[in-house]
Amino acid sequence: SAAVEAVRGLTPGPEGDEVQLICHVNPDGDALGSMLGFALGLRRAGFTRVRATFPGTFELPTPYEKLPGLDLLVPQPAAYERPAMVMTFDVAAESRLGALASLLSAPCVVVLDHHASNTRFGRINLVDPHAAATSVVVDELLARLGVPLDAEIAECLYVALATDTGSFKFDMTTPAVHELAARLIATGIRPGEISRRVFDTRPFGAMKLAGEVLGRAVLDPAAAGGHGMVWTYATLDDLARHHQRPYVLDSLIDPIRSVAEADVAVVVKQSAEDEWAVSLRSKGAVDVSAVAVALGGGGHRLAAGFTGHGAVGDVVAKVRPLLDDHLT
Ligand code: 5GP
Ligand code: MN
Ligand code: MN
């Protein structure tokens, strides 16, 4: 494929070509895991000048603080200025690259992703909307490059796969997903240990904060053509009172989406004075990716997001009618 040719065309070694890897702002397990897994793979293949980074606040969520390959991760200002190649991971659109979008002027840009809404902003776009995670695309490219999986690469790809499939629960969990998981585990990684590190390291304060945020959830049974919507919100003040970092709010969509009476789940998370990161989930009645795209965001049919402005109530009021417009 074009991506294999492009990587093979690079000069490896300490004097070789610079390769800059980037994942999306507020990185999740798939963004970091697929990026660092590929970074380690490039290093195994002899590429010495490989750096990984992401835009925005350079803070790793605690669940990902022990990922292999973190030594290749640099804060944004330390990214290569004129890399021969830029590769993006789990990035659906340029807007998800923040200030790092300027790096897209590199001679070669390769996009690795699995969002149906991907805008194909690269010169080469490896976008598989049927892949459960970007790490599936990474595994395929590593295989085609002849880079074998080792335990470090496997741990990165496993974290990516486990987080994006909701621990192998979501619709995209195909036989191929379990086959990939099997190959990853066969390298000697320990799924139990990894899962405890990723899922069971919530600070006590975050649990108390979750209690408040879940406690104010609202059920709207008439929304989404009667399929129901449940929503809640969290403010910067909530985070400050509990001394928590914003990433701890990202997992709250899971208990919210577990509500039987609602097909659609919405969590509105304040990110600045007048800015909200909105998470949307559907159990199948609504294409929330279409809803998110209509509001300037993106994602997948059953999991999507966008950035909202105004008061919380206004943000939710914008979402509600769009649910009826995008019933599946
Ligand atoms: P989450 O709710 O977990 O932040 O995001 C769910 C899905 O929607 C992810 O696949 C994520 O990439 C996508 N997504 C979330 N927020 C945005 C956004 O502001 N813009 C775009 N294009 N996609 C988003
Ligand atoms: Mn992601
Ligand atoms: Mn992903």
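Residues numbered from 1 in each chain as written. Chains lettered and ligands numbered in written order. Predicted model: local features only at pLDDT ≥ 70, side-chain atom pairs only at ≥ 80, totals over all residues.

## Some points on the sheet that holds strand E4 (residues 108-113)
Overall, parallel pairing links the five strands, which are arranged E2-E1-E3-E4-E5 in an open sheet. Here the strands that pair on one side only, and so sit at the sheet edges, are strand E2 (50-53) and strand E5 (124-127). Going across the sheet, the axis of each strand differs from the next one's by a mean of 15 degrees, ignoring polarity. Bridge analysis of E4 against E5 gives four bridges, and the strand direction is parallel. Within E5, the position partnered with Asp 113 by the bridge is Val 127. Packing of helix H2 (residues 29-44) onto the sheet brings it into contact with strand E1 (19-23), E2, strand E3 (85-89) and E4, and relative to E1 it is tilted by some 165 degrees. (Pairing = 2+ DSSP bridges. Helix = DSSP H or I, 4+ residues; strand = E, 2+ residues; numbered from the N terminus. Axes fitted to C-alpha atoms, helices over the stretch in contact; angles between N-to-C directions. Contact = placed C-beta atoms within 7 Å.)

## Here we look at the site of ligand 1
As a matter of local geometry, ligand 1 sits amid 14 residues, with Ser 279, Gly 297, Gly 298, Gly 299 and Gly 305 nearest to it. For the shell around ligand 1, the element with the highest residue contribution is strand E11 (residues 303-309), accounting for five residues. For the shell around ligand 1, a count of residues per class yields five nonpolar, eight polar and one charged. Lining the shell around ligand 1 are residues from two domains, each supplying at least three of them: domain 1 (2-199) and domain 2 (205-325). (Near = placed C-beta within 6 Å. Nonpolar A, V, L, I, M, F, W, Y, C, P; charged D, E, K, R; others polar. Domains from an automatic or database assignment.)

## Quick word on the UniProt feature "domain: DDH" (unreviewed entry) in the protein
Under the feature "domain: DDH" (unreviewed entry), the UniProt entry names residues 21-160. When the span residues 21-160 is considered, its composition is 26% helix and 16% strand, and the gap between its end C-alpha atoms is 16 Å. (UniProt positions renumbered as here; feature names shortened; annotations may be inferred.)

## Brief notes about the nonpolar core
Formed by 63 residues in total, the largest nonpolar core has its most connected members in Leu 21, Met 35 and Tyr 158. Here this core gets nine residues from one element, more than from any other, and that element is helix H4 (residues 151-164). The next biggest cluster of nonpolar side chains, apart from the first, holds 38 residues, and it includes Ala 223, Val 230, Ala 290 and Val 315. (Core = buried A, V, L, I, M, F, W, Y, C linked by C-beta atoms within 7 Å. Buried ≥ 20, exposed ≤ 12 C-beta atoms within 10 Å, placed from the backbone.)

## A short note on the domain arrangement of the protein
With domains assigned, the protein is organised as domain 1 (2-199) and domain 2 (205-325). Each of domain 1 and domain 2 has a C-alpha centre, and these two points are 27 Å apart. Residue composition of the side of domain 1 that touches domain 2, by class: four nonpolar, two polar and three charged.

## As for the UniProt feature "domain: DHHA1" (unreviewed entry) in the protein
Under the feature "domain: DHHA1" (unreviewed entry), the UniProt entry names residues 248-312. With 20% helix and 40% strand, the stretch residues 248-312 has end C-alpha atoms that lie 19 Å from each other.

## Observations regarding the environment of Ala 290
Looking at the element boundaries, Ala 290 is found in helix H10 (residues 288-294). The exposure class of Ala 290 is buried, given the 20 C-beta atoms found within 10 Å. Taking the C-alpha atoms as reference, Ala 290 lies 8.5 Å from His 300; in sequence the two are ten residues apart.

## Focus on H4
With 14 residues, H4 extends 20 Å between its outermost C-alpha atoms, agreeing within 8% with the 20 Å of an ideal straight helix rising 1.5 Å per residue. The element H4 is largely enclosed, with a buried count of twelve among its 14 residues. Ile 153, Ala 154, Glu 155, Cys 156, Leu 157, Tyr 158, Val 159, Ala 160, Leu 161, Ala 162, Thr 163 and Asp 164 are the residues of H4 that are buried. Downstream of H4 by a residue or two, Gly 166 has a phi angle that is positive, lying close to 60 degrees. (Expected span 1.5 Å × (residues − 1).)

## Re the sheet that holds strand E10 (residues 298-299)
Strand order in the open sheet formed by six strands is E6-E7-E8-E9-E11-E10, and the pairing between neighbours is mixed. Strands at the two margins of the open sheet, each flanked by one partner only, are strand E6 (218-220) and E10. Across eight bridges, strand E8 (residues 264-272) lies against strand E9 (residues 275-282) in antiparallel orientation. Its bridge partner lying in E9, Val 267 is registered against Ser 279. In this fold helix H11 (residues 312-325) packs onto strand E7 (229-234), E8, E9 and E11, with an angle of close to 145 degrees to the strand it touches most, E8.

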